[in-house]
Amino acid sequence: MGLARNPAKIQDMDIRIGNGYDVHALAQGLPLWLGGVKIESETGCVAHSDGDVAIHALCDALLGALALGDIGRHFPDSSDEFKGIDSKILLERTMEMVSEAGYRVGNADITIALQRPKLATYIGNMRETLARVMGVPVSAVSVKATTTERLGFVGRSEGCEVYASVLLFSLE
Ligand code: MG
């Protein structure tokens, strides 16, 4: 029990927490992708990629837990390689970094703030899709949605905002 011991170590389990945040502007006539699922909507996210702001926040949470910077560093929006890319591929690649670092996902919790459309009917599909891409049980992935009661840029339907938290653990 020296001072050098990692305070996050509980017995032989090394745990790390990460949080991610992302915002995209909404515009008429663009496809809306959230949590790997296409949403029926009059507006979609303005983006270099497919604009899946939920996956972007999740990737940032995973990278944050590993202290590996952010999604923009690993998948720059200045690169043609990522133009229009399916964000599930970015999540897959981020999960490879998690594995390479010797960690596994304990759980993920995502909150999507969007004024409209209502997302309740899509939540189950988002959880299943994200769990499949991440290689974890559906019970390890939570997706929640809220409006902002018409307040702020989300409330005016000018943008979509997402917060994500993850817990990683290593038994090595
Ligand atoms: Mg983004």
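All figures in this text were calculated on a predicted structure; none of them were measured in a lab.

### A few points about the coordination of the magnesium ion
The coordination sphere of the magnesium ion, as far as protein atoms go, consists of D22 (OD), H24 (NE2) and H56 (ND1), spread over 2.1 to 2.3 Å. Donor residues for the magnesium ion sit on one chain with the sequence pattern D-x1-H-x31-H. Residue D22 is located in strand β2 (residues 13-28), and its partner H56 is located in helix α1 (residues 53-65); the two are separated by 34 residues in the primary sequence. By relative accessible area, which is 17% here, D22 ends up buried. The buried category is assigned to H56, whose relative accessible area is 6%.

### Some remarks on the pairing of strand β7 (residues 141-146)
Bridge count for strand β6 (residues 104-113) against β7 is 6 bridges, and the pairing is parallel. Paired with I112 across the strands is A145, a residue of β7. As for the winding sense of the linkage, the β-α-β connection from β6 through helix α4 (residues 123-134) to β7 is right-handed.

### Quick look at the packing of aromatic side chains
By convention here, two paired aromatic rings are described through the distance between centres and the angle between planes. One pass over the structure, following the stated rule, counts 2 aromatic pairs. Residues Y21 and Y163 carry aromatic rings whose centres are separated by 4.9 Å and whose planes lie at 40° to one another, so their mutual orientation is tilted. Residue Y21 is found in strand β2, and its partner Y163 is found in strand β8 (residues 159-170); the two are separated by 142 residues along the sequence. Under the relative-accessibility criterion, Y21 is labelled partly exposed at 39%. Judged by its relative accessible area of 43%, Y163 is partly exposed. Between F75 and F82 the ring centres are 5.5 Å apart and the planes differ by 80°, which places this aromatic pair in the edge-to-face class. Under the relative-accessibility criterion, F75 is labelled buried at 8%.

Scoring rules and cut-offs
- Residues numbered from 1 in each chain as written.
- Predicted model: local features only at pLDDT ≥ 70, side-chain atom pairs only at ≥ 80, totals over all residues.
- Heavy atoms only, no water.
- Donors = N, O, S within 2.8 Å, 3.2 Å for Na, K, Ca; no water.
- Helix = DSSP H or I, 4+ residues; strand = E, 2+ residues; numbered from the N terminus.
- Buried < 20%, exposed > 50% of the residue type's maximum accessible area, 1.4 Å probe, protein only.
- Pairing = 2+ DSSP bridges.
- Right-handed = clockwise from strand over helix to strand, strands pointing away.
- Phe/Tyr/Trp six-rings, centres within 6.5 Å; stacked < 30°, edge-to-face > 60°.

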